[in-house]
Amino acid sequence: MNLEKQTQPDPLYIIFEEHLYNFKDSDSDRRTFIGNIVIDYLTYLRKMNIIVPKAMEASVVEELGFQVNNMLVKKIYGFPNLDEYRKKAPKARKRKARTNYTKIKKSA
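Residues numbered from 1 in each chain as written. Predicted model: local features only at pLDDT ≥ 70, side-chain atom pairs only at ≥ 80, totals over all residues. Heavy atoms only, no water.

### Points about the overall build of the protein chain
We apply this condition: Numbering of helices and strands runs from the N terminus, with a helix taken as a DSSP run of H or I at least four residues long and a strand as a DSSP run of E at least two residues long. Exposure categories follow from relative accessible area, calculated using a 1.4 Å probe and restricted to protein chains: below 20% of the type maximum is buried, above 50% is exposed, and the middle band is partly exposed. Any pair of residues with heavy atoms lying within 4.5 Å of one another is described as a contacting pair. Residue burial considers only the protein chains on display, and all accessible areas are found by Shrake-Rupley using a 1.4 Å probe.
Tallying secondary structure elements over the protein chain gives five helices and zero strands in all. From first element to last, N terminus to C terminus, the protein chain shows the α and β order α-α-α-α-α. If one aligns the C-alpha atoms of the protein chain with their principal axes, the spans along those axes are about 45 × 35 × 25 Å. In the protein chain, which comprises 108 residues, the proportion classed as buried is 32%. Put simply, 75% of the contacts in the protein chain that link residues at least 6 apart link residues at least 24 apart. Here the protein chain displays about 7,800 Å² of accessible surface, and carbon together with sulfur accounts for 54% of that area.

### Details of the side chain of Lys94
To be explicit about the condition: Within this scheme the basic residues Lys and Arg register as positive and the acidic residues Asp and Glu register as negative, but His and the chain ends are omitted. The term salt bridge refers to a pairing of a side-chain nitrogen on Lys or Arg with a carboxyl oxygen on Asp or Glu at a separation within 4 Å.
Its location among the elements puts Lys94 in helix 5 (residues 91–107). Among buried charged residues, Lys94 stands out as having no salt bridge; its nearest opposite-charge side chain is Asp83, 9.9 Å away. Not counting residues within four places of it along the chain, the set of residues in contact with Lys94 comprises Tyr21, Asn22, Lys24, Arg86 and Ala89.

### Here we look at the environment of Gly65
As for its placement among the helices and strands, Gly65 is situated in helix 3 (residues 54–75). Residue classification places Gly65 among the buried residues on the basis of a relative accessible area of 14%. Remark: the alpha-carbon pair of Gly65 and Pro80, spanning 15 residues in sequence, is separated by 21 Å. Sequence-distant contacts of Gly65, defined by excluding residues within four places in its chain, comprise Ile34 and Val38.

### Quick notes on empty space enclosed by the protein
Counted only if it meets this: Lining residues are defined by having an atom within 4 Å of a point belonging to a cavity or pocket. Those points lie on a 1 Å grid over the protein atoms alone, cavities being sets where a 1.4 Å probe fits but cannot get out and pockets being open sets with protein on both sides within 12 Å along at least five of seven lines. Grid points are joined across faces, edges and corners, and a volume is the space filled by probe spheres set on the points.
Using the criterion set out here, one finds one cavity of 30 Å³ or more in the structure. Put simply, the largest cavity is a space of about 40 Å³. Lining the largest cavity are Leu42, Leu45, Arg46, Ile50, Val52 and Glu57. Tallying contributions element by element places helix 2 (residues 30–47) first for the lining of the largest cavity, with three residues.

### Describing the layout of surface pockets
Gaps left between atoms are located by rolling a probe of water-molecule size over the structure's atoms. Rules: In the scheme used here, Gly and all other residues not listed as nonpolar or charged are polar, with Ala, Val, Leu, Ile, Met, Phe, Trp, Tyr, Cys and Pro taken as nonpolar and Asp, Glu, Lys and Arg as charged.
Computed from the structure, the largest pocket encloses a volume of approximately 280 Å³. Along its surface, the largest pocket is lined by 17 residues, and Ser28, Asp29, Arg30, Phe33 and Leu82 are the ones closest to its centre. Of all the secondary-structure elements, those providing two or more residues to the lining of the largest pocket are helix 2 and helix 4 (82–88). For the lining of the largest pocket, the residue count by class is seven nonpolar, five polar and five charged.

### Quick word on the environment of Pro9
Relative to the assigned elements, Pro9 resides in the segment before helix 1 (11–22). Put simply, Pro9 and Asn100 are 91 residues apart on the chain and 8.9 Å apart in space, counted from C-alpha to C-alpha.

Rendered as structure tokens:
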């Protein structure tokens, strides 16, 4: 009997990877990059009929921003900037990120 629990990756992480590998906005600074991911994630939540109350939205956006920033710091550690990381990223990882992102977009 297989007791391993199959877990699906967090949609926030999937959206993060898609923006990291496949969105080409070289003029984007870190704050804009993080903001775009948070907006995309909130859009995903709305499509899944998950409502964030207006009174809590600012807190939720702030917390998501912290989480995305932590993911970014861990992911590009050792690289001077996002563009350098993207240049060295394996093409297979870019394709996998695109595939995962397409799956969650279709499910929403």
